[in-house]
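# Structural characterization, general
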Amino acid sequence: MIIKRYLVSNMNEAMTRIRYELGVDAVIISQRKIRKPGFTGLFSRKMIEVTAAVDNSKKSEKSSENTKEDVKSSIDTIKNIIKNQPSQPQTLEKAPSGIGSKMTAAVEEKGKSTVEETLLREFAEMKSLLSEMTANPVKSSTPRKSKLQSLLESIDINEKNVKKILADVKNNKEEPDENKRLKQAIKKQITLSKTKMDGVVVLVGPTGVGKTTTIAKLAGRMALVDKKKVGLITVDTYRIGAVEQLRTYADIMNIPFKVVITLKEMESALNSMKDCDVVLVDTTGRSSKNSMQLSELRAYVDKTNSSNINLVISCTTKEKDIECITEGFKLLNYNSVIITKLDETTTYGSLINILGSAKKPLNYVTTGQNVPDDIKKITAEDLCKLILGEEAIC
Ligand SMILES: Nc1nc2c(ncn2[C@@H]2O[C@H](COP(=O)(O)OP(=O)(O)OP(=O)(O)O)[C@@H](O)[C@H]2O)c(=O)[nH]1
Ligand SMILES: [Mg+2]
């Protein structure tokens, strides 16, 4: 707040000076007619004393040094106003006598004391503001986000992980280059699965995240590229279409395929694929909020005796749902994560959020609908570049 007093011969002059010096936002907080103090004042023309104020807190571009100056000058102005007001009654315009004039005087007196009280209060506020600014200039200004924090937030890394990464960057005293420190901190949040893709591999996850497509991709790669003996099992019995989807892939790749409805059938299907290097098990998509369904599915998953259970989750999953999914599916004892649909987003912070929330290593990422091409194992270095926007996925 800047407060200034003007001694002018008319209000036009006052308005012009106020607008010029304080700007169009200034307001007049008091005005009164006075004579110049002293003997000569008695014969001089009456003048108008106008006090105007402007709230300069919106002018963020002003440096704190300027603000201090403003506060000092305002305090000086207030001091002068207070000093001049009651102690110099001779300079005030004399009110005529009578009941009416007494009332006018009382109202004027009341008005004066209100202005005085306001000024005194503001003076006290400014005084404390000034001492706070002098004691700690940085603390008194609004804390600003660092460039690094803004960057991490802009790529959708959640608050918890932003804090972790910023702390790591700050505490890394060995690496002088901030960019390298940032990469190291991001890589620290990424763990990659080293589990070999053989034996029984199970995929679980919410509906529509790409479990069946991922199974087909994996089967295609292993059978056609790695020349492994692959078998396919599905417990996806709810939708005929879903079964047919995988059966078509199995037929094209000429690999054994079984549909499992009961727990007993799961046992016999696994027995029939004993000679396979890899048996890929597809499951029905479940809502992480439905613990009944998850418990039912768990019986099938347990029956496989697999130590390679993968939670399949899309990188486009809403931040709030990630926690719900990664927690809910813990009932199925997944030990790694497959993140799908990287081609459907432009920021990759969700990968950090998913891994941080699941606390399990990343096995694969998928990058499109093409079977078997759009799946890959990604290195921490490449994932870091992707997250920082240094590399594109497609
Ligand atoms: N863009 C994109 N689409 C994908 C990807 N993976 C799968 N999809 C598509 O996602 C849709 C659902 O895929 P599914 O494999 O049927 O998903 P699901 O998890 O088996 O679904 P439910 O069995 O219903 O739980 C299909 O249209 C897929 O083509 C991917 O990496 N990127
Ligand atoms: Mg499916």
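Residues numbered from 1 in each chain as written. Chains lettered and ligands numbered in written order. Predicted model: local features only at pLDDT ≥ 70, side-chain atom pairs only at ≥ 80, totals over all residues. Heavy atoms only, no water.

## Quick look at the packing of aromatic side chains
Note the cut-off: A pair of Phe, Tyr and Trp rings is counted when the ring centres sit within 6.5 Å of each other, with Trp represented by its six-membered ring. The angle between the planes then sorts it: under 30 degrees is stacked, over 60 is edge-to-face, the rest tilted. By definition here, charges over rings are those cases where NZ of Lys or CZ of Arg is within 6 Å of the ring centre and within 35 degrees of the ring normal.
Taken as a whole and judged by the stated rule, the model has zero aromatic pairs. Above the plane of the ring of Tyr364 lies Lys377, whose end atom (NZ or CZ) is 4.8 Å from the centre.

## Observations concerning the sheet that holds strand β3 (residues 47-54)
Inclusion rule: DSSP bridges decide pairing: two strands pair if at least two such bridges lie between them. Helix and strand assignments come from DSSP, with helices taken as H or I runs of at least 4 residues and strands as E runs of at least 2, each series counted from the N terminus. Axis lines are fitted to C-alpha atoms, over the contacting stretch for helices. Their N-to-C directions set the angle, which ranges from 0 to 180 degrees. Only heavy atoms enter the contact rule, under which two residues are in contact if any of them lie within 4.5 Å.
Spatially, β1-β3-β2 is the arrangement adopted by the three strands of the open sheet, whose pairing is antiparallel. Strands at the two margins of the open sheet, each flanked by one partner only, are β1 (2-8) and β2 (27-34). Pairwise comparison of adjacent strand axes, ignoring direction, gives a mean angle of 15° for this sheet. Pairing of β2 with β3, which is carried by seven bridges, proceeds in the antiparallel orientation. By the bridge assignment, Lys33 is partnered in β3 with Ile48. Lying on the sheet, helix α1 (residues 11-22) is in contact with β1, β2 and β3; it crosses β1 at an angle near 150°.

## Considerations on the pattern of salt bridges
Condition: Salt bridge, as used here, is a side-chain nitrogen of Lys or Arg placed within 4 Å of a carboxyl oxygen of Asp or Glu. For each residue, the accessible area found with a 1.4 Å probe, counting protein chains only, is set against the maximum for its type, and the residue is called buried under 20%, exposed over 50%, and partly exposed in between.
Applying the stated criterion across every chain yields a total of 15 salt bridges. Between Lys4 and Glu21 there is a salt bridge; the shortest N-O distance is 2.9 Å. One end of the pair, Lys4, is in strand β1; the other, Glu21, is in helix α1, with 17 residues separating them in the sequence. Judged by its relative accessible area of 31%, Lys4 falls in the partly exposed class. In this structure, Lys183 and Glu390 form a salt bridge, with 2.8 Å as the shortest nitrogen-oxygen distance. Placement of Lys183 in helix α7 (residues 178-188) and of Glu390 in the segment after α14 (380-387) is noted, with a sequence separation of 207 residues between them. In this structure Lys183 comes out as buried when scored by relative accessible area, which is 17%. Look at the salt bridges and you will find they share partners, linking Lys4, Arg17 and Glu21 into a network.

## Some details on the nonpolar core
Heads up, the rule is: Here the nonpolar core consists of buried residues drawn from Ala, Val, Leu, Ile, Met, Phe, Trp, Tyr and Cys, with membership extended through side-chain atoms lying within 4.5 Å. Start and end positions for the domains come from either an automated domain assignment or a database one.
Ranked by internal contacts, the top residues of the largest apolar core, which has 56 residues, are Ile186, Ile233, Ile339, Leu342 and Ile387. Counting contributing residues per domain, this core is built from domain 2 (147-187) and domain 3 (190-387), each supplying no fewer than three. Sequence-distant contacts of Ile387, defined by excluding residues within four places in its chain, comprise Ile155, Ile157, Ile186, Ile190, Tyr348 and Ile352. Judged by nonpolar contacts, the second largest core, of 23 residues, contains Met197, Met222, Ala223 and Ile375.

## Some remarks on the pairing of strand β10 (residues 362-366)
This is how it is decided: Think of it like this: strands point away, you trace from the first strand over the helix to the second, and a clockwise trace means the crossover is right-handed.
In terms of burial, β10 is largely enclosed, as five of its five residues are buried. Considered for its hand, the β-α-β crossover made up of strand β9 (residues 336-340), helix α13 (residues 349-358) and β10 is right-handed. As paired strands, β10 and strand β11 (residues 375-376) are joined by two bridges and run antiparallel to one another. Residue pairing across strands places Thr366 opposite Ile375, the latter belonging to β11.

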